[in-house]
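As a plain string of letters, each chain reads:
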Amino acid sequence: MKINETNLKFGSLSNRGSTSRIILHHAEATSCTPEQIHQWHLANGWSGAGYHFLVRKDGAVYALRPEWAVGAHAQGANSDSIGVCFEGRYQTEEMPQPQIDAGRELVAYLKGKYGLSKVQRHKDVGSTDCPGKNFPFEDITAAATAATSPSNPAGSKPAAATAKPAAKGDAWVRSLQTECNAQGFSKQTVDGIAGPNTLAGCPTLRKGANGNITKLMQQRLVALGYSLAPYGADGSFGDVTLAAVKKFQKARDLTADGIVGQNTWRELLGL
Ligand SMILES: [Zn+2]
């Protein structure tokens, strides 16, 4: 478990007497750094960042408030909890896979370290919609080993990852198919499975493009590990997106022209 240190300067902190649970949050910001969170919370008059950890969209994990200190993240529940914040706005956004994986790993690490099993969402302990309705709570709290465990020998209890009902197709592909149909680029079956019709329905995107298809393209880049900081997947194809597209194209041996045409879409779709 790699946890990146930060160099944040805190005001007075007090020692947390017990640690019996982990509470998960979203930042309610599409993109944010450890330093920004620290500044926001200092501006609230707090001693500094109220969360103990930040999990960014690219899967990087940062230490914020010292782990031994009482946090400032869930009123009435700070005295015995560790607060973990996820970059993003998960009332509306979809969490990229690297962030889900890193969150799952961090939660498993903290559970083991403190010998605890209780993981809650902020909204489980207070009146808030944090961490948002799209927050993949089950995925993050599933055993970290489930995703990588070998297939089950016959007759054994199925692992958590295989026990949960398999979503049909891929959620991102489904969103893309829906949007391409809605915008008139295709009339394809929305099944979450990328195929030739999906590819044919993807319009060419270039700098200056705006909207939901651009946003989906950006989400895919982020999920594949290409940072769009500081804007994130905002649906607007600007210079940051252009640079990320070129980097992606170069990595896939495509002409790095920054134009998302059929060849680039084919790679994004994994065809
Ligand atoms: Zn929260």
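Residues numbered from 1 in each chain as written. Predicted model: local features only at pLDDT ≥ 70, side-chain atom pairs only at ≥ 80, totals over all residues. Heavy atoms only, no water.

Take the packing of aromatic side chains next. Following the criterion strictly, the structure yields three aromatic pairs and no others. Linked through ring pairs, Phe-86, Tyr-90 and Phe-135 together constitute an aromatic cluster. We note Arg-121 situated over the ring of Phe-137; from NZ or CZ to the ring centre the distance is 4.8 Å. (Phe/Tyr/Trp six-rings, centres within 6.5 Å; stacked < 30°, edge-to-face > 60°. Lys NZ or Arg CZ within 6 Å of the ring centre and 35° of its normal.)

For the protein chain, per-residue confidence averages 89 on the pLDDT scale, and 90% of positions sit at 70 or higher. Every residue in residues 145–166 is under pLDDT 50, and counting partners more than four places away or in other chains gives ten contacts. (pLDDT = per-residue confidence, 0-100. Contact = heavy atoms within 4.5 Å.)

Burial of strand S1 (residues 21–26) is extensive: six of the six residues sit out of reach of the surface. Burial along S1 is two-sided: Arg-21, Ile-23 and His-25 facing one way and Ile-22, Leu-24 and His-26 facing the other are all buried. Bridge count between S1 and strand S4 (residues 81–86): six bridges; the pairing is parallel. Paired with Ile-22 across the bridge in S4 is Ile-82. In this structure, S1 lies alongside strand S5 (residues 118–121), joined through four bridges in parallel fashion. Residue Ile-23 lies in a different strand from S5, and its bridge partner there is Gln-120. (Buried < 20%, exposed > 50% of the residue type's maximum accessible area, 1.4 Å probe, protein only. Helix = DSSP H or I, 4+ residues; strand = E, 2+ residues; numbered from the N terminus. Pairing = 2+ DSSP bridges.)

In this structure, Ser-18 sits in the segment before S1. Owing to a relative accessible area of 39%, Ser-18 belongs among the partly exposed residues under this scheme. When the C-alpha positions of Ser-18 and Gly-132 are compared, they lie 27 Å apart, and in sequence the two are 114 residues distant. Once residues within four sequence positions are removed from consideration, Ser-18 is found in contact with Ser-79, Asp-80 and Ser-81.

A few words on the coordination of the zinc ion. At 2.1 to 2.2 Å from the zinc ion lie its protein donor atoms, namely His-25 (ND1), His-122 (ND1) and Cys-130 (SG). As a motif over one chain, the donors of the zinc ion read H-x96-H-x7-C. Taken as a pair, His-25 in strand S1 and His-122 in helix H3 (residues 122–125) lie far apart in primary sequence, 97 residues in all. With a relative accessible area of 1%, His-25 lands in the buried category. (Donors = N, O, S within 2.8 Å, 3.2 Å for Na, K, Ca; no water.)

With 24 residues, the main nonpolar core has Leu-176, Leu-205, Met-217, Leu-221, Phe-237, Val-260 and Trp-265 as its most contacted residues. The set of elements that each furnish at least two residues to this core consists of helix H6 (171–182), helix H8 (212–223), helix H9 (239–251) and helix H10 (262–269). Counting residues per element, this core draws most heavily on H8, which supplies five residues. Ranked by size, the runner-up nonpolar core spans 22 residues in total, among them Ile-22, Ala-102, Leu-106 and Leu-110. (Core = buried A, V, L, I, M, F, W, Y, C linked by side-chain atoms within 4.5 Å.)

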